[in-house]
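Reading the structure
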Amino acid sequence: AKAATSSHGHRDWPGRADAAGEGMRRRSTGCELNITAQVQCGVFHVELHRMVGRLEGQLRSTTAELRRKSDLCQGREEHDQTQFEETQGQQARANEEFSQAMGSLADIQASRDAKMSEKSDIEQDMQSHSRECRKVVASLEAELSSLKRSRQAELERRGSNAVTGQIQDCEVSPWT
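On a predicted model such as this, the values are computed, not experimentally measured, just so you know.

1. Re the overall build of the protein chain
- When you go through the protein chain residue by residue, the secondary structure sums to one helix and zero strands.
- For the protein chain, the proportion of its 176 residues judged to be buried stands at 2%.
- The contacts of the protein chain with a sequence gap of at least 6 include a subset with a gap of at least 24, amounting to 6%.
- Accessible area for the protein chain stands at about 16600 Å²; split by element, carbon and sulfur atoms hold 55% of it.

This is the structure:
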């Protein structure tokens, strides 16, 4: 008997289709059973029953393991969902606090701008008053000087009874 080989030189499995699609119709000669003994039904039944028992046991243990892992996965998912919801709540509170802080900052900046404007206005008023005061002082000093000259001229005109020399007024110190 000749075994079927694929295009790669490997032996094909029985029933596997080859490139021409004929493998399913061809039988392998390497797996033929030569059954000459008679099958004992009772033994066969017992062996089948044992095999079914083992398969059912494996099914139960696999199902139990699957349920355990599924429960564990569901618990983790619930935990993750709870953490996600808590995180969203924390984020919402942080956003609210941030908005309040930004509002307070805007109020503080507006107050600062108003104070800076008020300070600028006060400085301009002070400079204006200072100029006015300097003008008044200069005017008063000029008037005082004019009065001193007038008095000196009057004394000189009256001449004989007057003391010769410049008239001197008492000066007081600035107010403190």
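2. Considerations on the pattern of salt bridges
- Tallied over the full model, the rule gives six salt bridges.
- R50 is the partner of E47 in a salt bridge, and the nearest nitrogen-oxygen pair spans 3.3 Å. One end of the pair is E47 and the other is R50, both in helix α1 (residues 41-158) and three residues apart, which spans about a single turn.
- Judged by relative accessible area, which is 48%, R50 ranks as partly exposed.

3. Remarks on the confidence of the model for the protein chain
- Taken over all residues, the pLDDT of the protein chain has a mean of 82, while the share at 70 or more is 74%.
- Segment residues 12-16 is flagged for pLDDT under 50; beyond a separation of four residues in sequence, or across chains, it makes ten contacts in the model.

4. Structural notes on a nonpolar patch on the surface
- Nonpolar side chains collect at one region of the surface, where V39, F44, L48, M51 and L55 lie side by side and expose about 470 Å² of accessible area between them.
- A residue is classified by how much of its surface remains accessible, and V39, at 55% relative accessible area, is exposed.

5. Let's talk about α1
- Relative to the 176 Å expected for 118 residues at 1.5 Å per residue, α1 spans 170 Å between its end C-alpha atoms, a close match to the ideal helical length.
- Of the residues one or two after α1, G159 is the one with positive phi, at around 35°.

Reading the values: rules and limits
Residues numbered from 1 in each chain as written. Predicted model: local features only at pLDDT ≥ 70, side-chain atom pairs only at ≥ 80, totals over all residues. Heavy atoms only, no water. Helix = DSSP H or I, 4+ residues; strand = E, 2+ residues; numbered from the N terminus. Buried < 20%, exposed > 50% of the residue type's maximum accessible area, 1.4 Å probe, protein only. Contact = heavy atoms within 4.5 Å. Areas by Shrake-Rupley, 256 points an atom, 1.4 Å probe, with all protein chains shown as cover. Salt bridge = Lys/Arg side-chain N within 4 Å of Asp/Glu carboxyl O. pLDDT = per-residue confidence, 0-100. Patch = residues over 30% accessible without salt bridge, like charges linked within 9 Å, V, L, I, M, F, W, Y side chains within 5 Å. Expected span 1.5 Å × (residues − 1).

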